[in-house]
Each structure stands twice: as C-alpha cells, then as structure tokens.
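Chain and residue survey
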Amino acid sequence: MDVRVCEVAALDDPGRKVVEIEGQQIGVFRLGDEVFAYENRCPHLDGPVCQGKMLPLALEAVASDGTSSGRVFSKTQMNIICPWHGFEFDIRTGVHPTDKRVRLRRIPVRVKDGAVYVTIARATHANQR
Amino acid sequence: MLDRAAPKATSLPELPEITAATDTRAYLARAAVQAQSHDDYELIVDVDAHLQEGGFWPEIIDLLGNDVLKQTAQAMLRPGSLPLINMQPGMTFQAMAGRIPHQSGPQEQTDDPAKAGHRFVQIVRRTIETMGLDYQVIFPTAMLHLGMNPMEDIEVELARAYARWLIERILPEDPRIIALLYLPFNSPVECEKLVREYGDRPGIIGFTICAVRHKGVHHNQYARLFSMIEETGKPLVFHAGPHWDDPSFTQLNRFVSMHALSFVHYNLIHMTNWIINAMPERYPNMKVVWVESGLAWVPFLMQRLDHEVMMRQSEAPGLKRLPSEYMREMYYSSQPLERNDLELLEMTMRKINADTQLLFASDWPHWDFDPPSAITTLPFLSDQAKRNILGLNAARVFNLPVKRLRPRAKDVLAARAAAGVA
Ligand code: FES
C-alpha cells in the first residue's frame, strides 16, 4: 500500500526526509527529478544510516600515466553516509562504493501528482491511498 | 454497524539529521532496540569508553598542582582547546570531515548540573542506559598522546589532575561509571606515588599505561611499580592509540593507514617486550589487559613469537612455555572487532580463549565504536560465551559484583516512546 510522505517540492535538491511509518523508519531522498527510498537501517551494525550526512563520492584522480593528483569529489554520485561508522552508499543504487555486496534495503517509491509515495508492506496509516 | 471514517492525511513523524548536537539517546536509539536481545544477561560491562576532554579541559587544568603549568595552561586556554596536549590540532581527522558527528562532540544539551549532576556524568548515563550497560570504564582521549610529550612534568601533572577530577568530581556521582588510574609511565617514581595515593579509591578499578610511547615496559625501573600493582589485585591495562609522528608512520599518507597500523603497532611492541622478557613469569599474579587494538594482531604475534622463540631460546631464557600460551592467559578488549571475515574472527577467538579472556568494549563516542550487538550477533558464539564476553569476564578481571544496575530494555524504550523520541 502506498503512503504519502511529502510534496517533492518539500525536499531540498539534493535532500532527504526520514519518516516513521507504522514503526518502520524510511529515508526518502531527492536527486534532481529522481526520488529514492531506503530503510533507515545500516547493513553494517543497524545504525540510522539515512539520518547521516550527504556528500559526493570521493574519487582518486589517477591519470593515464598512473600518477595520482589526489582526491576529488564526484560530479555525478551523491552518497548517504551512516553516522555510526561512516559506511557510504550511493543514493541512486544503495550500494557501498567498495564492497558492492553491502547495500541498503530499498523501499519502492514513486512520485504522483507532485507528491512522494512509498510502498510499505503493512499500510494502515492515515496517509495511505 | 459503525461507519469507518476515511483515513485523513496526517504528517508522519520525522527523524532529523544526526549532528554533533544530537542527544546521545537519539544517536544510539537503535542500540536501545538491540539491547532487548541481551536484556536477560546478568551483567554488561563496557571496558573502554572515552572522555572527549575538550569540553572539560578547563576543569582539569584547574586541578593542576604545579602553579607554573597551571598558569601556562590557563593563559593558553581557548574554547575547545587543549593546552599542554601534544596533539596537532590540524591533524585530527577522526570525525571524517563531519561524516561521524559524535566524534566531534559532545555538543548536546544537558540539564542544570545543580539538579542533574555533572554534564559529563549526564552524558555517560544517557549512553549507559541507551546501550544497556551496567558499568562503563572511562578512559581519556587526548591524554592518550601524553607518553610522547617531551615535557615529562606535563604528563605527571596532568595524570594527577585527571585522577583528582575523576575521583573528586565524576566517580562519586554514579557507581556505574568506573575508571583506571592513568600512569605517567615516563616517570616511574611518580607512577608509584599515584598508585599509593589513589589506587584504592572507590571507582578506581585498575591502572593504565597509554601505550603510545617509546619506553621498554620490561625495564628494571618499573619493577617496584609492577609489584605494587600486582599486590592490589587490580589489572594493568595497555591502552593503544594513534601517533602519526612516529618516524615509520610518516610514510603513510592517509589517516586510515596510520590508524589501522598505529593502534596495533604499540601493543605489538609492548606485548613483545612483555613476553620475551618473561614478565608473566616475574609477575605471575598480574592481570594484563590489551585494549583498543582489535583482535587480528594477536594470532599473528602468537605465531611469530612461537616460531622465533623456538629457534632463539637463549634470547628469551625466562620463558617456561611458548609465547602463545602466556598470551592466551591475558585479557583482550573486543573493539574494534574485525568482523569482515567471520571465519578468521572465529579462529582468532578460539586462539585467545575468547570465552574466558575477551572483554566487550564500545570505545564510544569514537568513530569506530562497537555496540554490544557487535558481540551478540556473532553466529559462532554460544550464549554463555556471549554472556562472558559482555560482562562476566570483566567482572572477574575488574573485581566487579555481578549485580544488575541497568534498567530493563523495555522500560528504556517505553520512556523514549512516552517522551515522543524515536
Ligand atoms: S552501523 Fe552504519 S556504518 Fe556501522
């Protein structure tokens, strides 16, 4: 069942809102015209991952001759960072940049009539449609 | 039949971004949920948590006994600064550029100290109750570097001021907060004086050598100190730490590299001296604990020393058994628990007799902290092993009564719900 979280316009870009629906904590993220949603539980030790800081992915700037000019921020990938120990996850895919097997639990999300809806297993909430 | 009213849209409860100002109880809310899994355990002891001195440094330097050092420190004092501490302020990367807010705290609101107690005590109480602990052992953070301070008098005077701050201001406020006496190990006679003066004070449950230093722990100048400690029946605890200025580490260009090696490095050196000089034979009743280097280094050193000692017996003639056999009788704190390869971790735990020798440590509020769930979720440990590691082993090492002091997990959660905190 779909539960309305907020207007898309209520989210910054990039931005996020973490809400609790029927005891389940869900982080909804906006990147441009896209929205993504994940359970607010880190695959590491269950920390409140969606409530962390958002920063672009850091990259090692290695040239074709093998030299590095140090670290730079990605212009395309934004990460959500778990505030417990710093595990980072690509907001678009929910995947850890180093170990791709480590990933956030995705929640189905969509935009309808300018509002963000998430689909949860049990929906008895007043915001359900 | 009743008509069901159509559901009305309401705003959903929101959880804010976590920052350095977030209340510890909100930061660790998930740990409170996890605590239900071990709520029936007899005792939960966290043998290593930390004071972030920044907010409390004026109180500590106010207790300095030396007039000149006290005036010097007070003249240098600025908000959040740490006069007399030999740590480069521009090189503190622990909080990962804001990614780990709790590392740069505590900045949370606390209540009026006249009613609710010392600000630090209030914050520790929040941690204890949220994580579901009966006792928490407090270590300093910035002071871990003092062993490298070229001014030996600073280490001595700060060790004394810190002991007084703990004993006079902090420990009397809550029996669940316990601590070790910081030994200014560069000055052996001063260590003896401190042990004599403060070693039996309530809440002082052992003695710590902050391991970041270039001092051979086997040296004869420490013989009397070690005998005194052995007689107290309280443990000697080596607490590891980072030190980027160590010449070998200046080759490492990232904090993660230095941090991964540095904590292990100092305990490797001190353990090697402790074993090769047969200190376990010389102080057979001394309980020795190795803190904050994780566990992966222990089987490495066991293998390495066993291998070499078998060939070079004449250089370790005091040993009556293999190094690994002595090491298996020492104690280790669990954090930071290297959990990525559970097969290796299981083997490591077997090698160190984790069931009886491992002590849970959180290292809170540092960036690589472990909640008790780091232990309770290990699939290969028996329930009894988990109980031992989380508290019963520590009770034995630190002479603590096995008596529940923590509230029930369900009561902690109910109080949070009643206060409307997620
Ligand atoms: S719980 Fe998220 S990084 Fe550890």
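Right, let's walk through the structure included here. (Residues numbered from 1 in each chain as written. Chains lettered and ligands numbered in written order. Predicted model: local features only at pLDDT ≥ 70, side-chain atom pairs only at ≥ 80, totals over all residues. Heavy atoms only, no water.)

Here's the deal with the overall build of chain A
Cut-off, in case you're wondering: Helix numbers and strand numbers start at the N terminus; a helix is a DSSP run of H or I with at least 4 residues, a strand a run of E with at least 2. Buried means the residue's accessible area, taken with a 1.4 Å probe over protein chains only, is under 20% of the maximum for its type, while exposed means over 50%, and partly exposed covers the values in between.
Regarding its fold elements, chain A presents zero helices and nine strands. Taken from the N to the C terminus, the helices and strands of chain A come in the order β-β-β-β-β-β-β-β-β. Counting only C-alpha atoms, chain A reaches 60 × 30 × 20 Å along its principal axes. Scored against the burial criterion, the 129 residues of chain A give a buried share of 52%.

Comments concerning the interface of chain B and chain A
Note the threshold: It only takes one pair of heavy atoms within 4.5 Å for two residues to be counted as in contact. Accessible area, probed at 1.4 Å, shrinks when two parts are joined; the buried area is that loss added up over both. Between Lys or Arg on one side and Asp or Glu on the other, a salt bridge is scored when a side-chain nitrogen of the former is within 4 Å of a carboxyl oxygen of the latter. Each residue is assigned to one class: nonpolar for Ala, Val, Leu, Ile, Met, Phe, Trp, Tyr, Cys and Pro, charged for Asp, Glu, Lys and Arg, and polar for all the others, Gly among them. By definition, two strands form a pair when at least two bridges between them are found by DSSP.
Listed as interface residues are 33 residues of chain B and, on the opposing side, 32 residues of chain A. Interface area, chain B with chain A, both sides summed: about 2,700 Å², of which 54% is carbon and sulfur. Taken as a group, B:L12, B:R30 and B:R99 account for 29% of the area that chain B buries against chain A, more than any other trio of residues on that side. Taken together, the connections running from chain B to chain A amount to four salt bridges. Salt-bridge contacts for B:R254 lead to A:E60; the nearest nitrogen and oxygen are separated by 3.2 Å. Only β1 (14-15), α2 (29-34) and α16 (373-376) of chain B provide two or more residues apiece to the side of chain B that touches chain A. Here the side of chain B that touches chain A gets three residues from one element, more than from any other, and that element is α2(B). Grouping the amino acids of the side of chain B that touches chain A by side-chain chemistry returns 19 nonpolar, five polar and nine charged. The sheet contact formed by strand β2 (residues 15-21) of chain A and β1(B) spans two bridges and is antiparallel. In the sheet register, A:V19 faces β1(B), and the bridge partner there is B:E14.

Section: the state of the cysteines
In plain terms, the rule: Counting rule for disulfides: a pair of cysteine sulfur atoms within 2.5 Å.
Applying the stated criterion across every chain yields a total of zero disulfides over all chains. Counting only cysteine sulfurs, A:C82 is the nearest neighbor of A:C50, a cysteine outside any disulfide, at a range of 9.0 Å. A relative accessible area of 0% means that A:C50 is categorised as buried. B:C210 takes part in no disulfide bond, and the closest cysteine sulfur, belonging to B:C191, lies 11 Å away.

Side note on the sheet that holds strand β1 (residues 2-7) of chain A
Residues and elements named next belong to chain A. Note the threshold: Here an axis means a line fitted to C-alpha atoms, over the contact stretch when the element is a helix, while the angle between two N-to-C directions is reported on a 0 to 180 degree scale.
An order of β1-β9-β8 is seen for the three strands of this open sheet, with the pairing classed as antiparallel. The sheet terminates laterally at β1 and β8 (109-112), the two strands that pair on one side only. Each strand of the sheet is rotated relative to its neighbour by a mean of 30°, with strand direction disregarded. Alignment of β1 against strand β9 (residues 115-119), held across five bridges, turns out to be antiparallel. Paired with D2 across the bridge in β9 is T119.

Overview of the packing of aromatic side chains
Rules: Pairing of aromatic rings covers Phe, Tyr and the six-membered ring of Trp, with a centre-to-centre limit of 6.5 Å; geometry is then stacked below 30 degrees between planes, edge-to-face above 60, and tilted otherwise. Throughout this description, the term charge over a ring refers to an Arg CZ or Lys NZ atom that lies within 6 Å of the ring centre and within 35 degrees of the ring normal.
Evaluated as defined, the whole model comprises 21 aromatic pairs over all chains. Look at B:F56 and B:W165: their rings are 5.9 Å apart centre to centre, the planes differ by 40°, and that puts the pair in the tilted class. Pair noted here: B:F56 is in the loop between β2 (45-50) and α3 (57-61) and B:W165 is in helix α7 (residues 152-170), with a separation of 109 residues, a long-range link. Across the pair, exposure class does not vary: B:F56 and B:W165 are buried alike. Feature note: the residues B:F185, B:Y222, B:F226, B:F238, B:W274, B:Y283, B:W290, B:W297 and B:Y332 constitute an aromatic cluster, connected by ring pairs. Residue placement shows A:R110 over the ring face of A:Y117; its charged tip is 5.8 Å from the ring centre. Positioned above the aromatic ring of B:Y326, the side-chain terminus of B:R321 is 4.6 Å from the ring centre.

Overview of the nonpolar core
Residues and elements named next belong to chain B. Rules: Among buried residues, the Ala, Val, Leu, Ile, Met, Phe, Trp, Tyr and Cys ones that are joined through side-chain atoms within 4.5 Å form a nonpolar core.
Residues W165, F226, L236, W274 and Y332 are the most contacted members of the largest nonpolar core, which totals 118 residues. Among the elements that line this core, the one with the most residues is α7, at 10 residues. Once residues lying within four places of it in the same chain are set aside, the contact partners of L236 are L183, F207, I209, F226, I229, W274, M286, K287, V288 and V289. With 21 residues, the next largest nonpolar core counts F139, L180, A395 and F398 among its residues.

Focus on the sheet that holds strand β6 (residues 236-239) of chain B
Residues and elements named next belong to chain B. If you trace the eight strands from one edge of the open sheet to the other, you get β2-β3-β4-β5-β6-β7-β8-β9, paired in parallel fashion. Taken across any chain shown, the strands that pair with only one partner, and hence form the sheet edges, are β2 and β9 (358-359). Looking at chain direction, β2 and strand β3 (residues 135-139) are connected through four bridges and run parallel. The partner of A49 across the bridge, within β3, is I138. Here helix α6 (residues 119-131) sits on the sheet in contact with β2, β3 and β4 (177-182), set at roughly 135° to β3.

Quick notes on the packing of helix α10 (residues 255-276) of chain B against helix α12 (residues 297-311) of chain B
All names here are of chain B. Put simply, the rule reads: When the near helix sits turned anticlockwise from the far one by under a right angle, the crossing is termed left-handed; a clockwise turn instead gives a right-handed crossing.
Where α10 contacts α12, the axes come no closer than 11 Å and their chain directions differ by 35°. You can see that α10 and α12 cross each other, and the crossing is right-handed. Taken together, the residues of α12 that come into contact with α10 (itself represented by V264, N267, L268, M271, T272, I275 and I276) are W297, F300, L301, L305 and V309. Taken together, the residues of the contact of α10 with α12 break down into 10 nonpolar, two polar and no charged.

Some points on the pattern of salt bridges
This structure, assessed with the given rule, holds 36 salt bridges over all chains. Here B:E17 makes a salt bridge to A:R16, at a shortest N to O gap of 3.0 Å. With one member in each of two chains, B:E17 in the loop between β1 and α1 (24-27) and A:R16 in strand β2 form a pair that bridges those chains. The class of B:E17 is partly exposed, set by a relative accessible area of 38%. What makes A:R16 buried here is its relative accessible area of 18%. Residue B:D39 is joined to B:R408 by a salt bridge in which the shortest nitrogen-to-oxygen separation is 3.8 Å. Separated by 369 residues along the polypeptide, B:D39 in the loop between α2 and β2 and B:R408 in the loop between α17 (383-398) and α18 (409-418) bring together distant segments of the chain. By relative accessible area, which is 16% here, B:D39 ends up buried. Through salt bridges that share partners, A:E39, A:R41, A:D46 and A:R105 make up one connected network.

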